[in-house]
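# Structural overview for review
Read off the chains here:
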Amino acid sequence: MADGGDFYSRDRPREPDPQLAEDRPRGGGPEDPHRRGNWPVWAIILAVVLVFVVLTVILG
């Protein structure tokens, strides 16, 4: 079995303090999409309740 130091020393850049670019940067910013909110969910719920009330009144 390979020594732990030998295993982790492979495939690393030779610079003493490498600064590799992140493929998925952390943090947020203006490029993050804005949340739409919950209005579509409430619109669907309201539509179902409205249909239920209308059918209840008509079929009485």
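Residues numbered from 1 in each chain as written. Predicted model: local features only at pLDDT ≥ 70, side-chain atom pairs only at ≥ 80, totals over all residues. Heavy atoms only, no water.

### Quick notes on the overall build of the protein
Each helix and strand counted, the protein has two helices and zero strands in total. Looking at the 60 residues of the protein, the share that counts as buried comes to 0%. On the protein, roughly 6600 Å² of surface is accessible, and the fraction owed to carbon and sulfur atoms is 62%. (Helix = DSSP H or I, 4+ residues; strand = E, 2+ residues; numbered from the N terminus. Buried < 20%, exposed > 50% of the residue type's maximum accessible area, 1.4 Å probe, protein only. Areas by Shrake-Rupley, 256 points an atom, 1.4 Å probe, with all protein chains shown as cover.)

### A closer look at a nonpolar patch on the surface
Together, Val41, Trp42, Ile45, Val49, Phe52, Val53 and Val57 line one region of the surface with nonpolar side chains, adding up to about 720 Å² of accessible area. If you trace the backbone, Trp42 turns up in helix H2 (residues 39-59). You can call Trp42 exposed: its relative accessible area is 56%. (Patch = residues over 30% accessible without salt bridge, like charges linked within 9 Å, V, L, I, M, F, W, Y side chains within 5 Å. Salt bridge = Lys/Arg side-chain N within 4 Å of Asp/Glu carboxyl O.)

### Some thoughts on H2
Residue pairs spaced three or four apart in an α-helix point in one direction, given the helix's 3.6 residues per turn. Counted at 1.5 Å a residue, the expected span for H2 with its 21 residues is 30 Å, and the 30 Å between its end C-alpha atoms agrees. Looking one or two residues past H2, Gly60 carries a phi angle of roughly 25°, positive in sign. (Expected span 1.5 Å × (residues − 1).)

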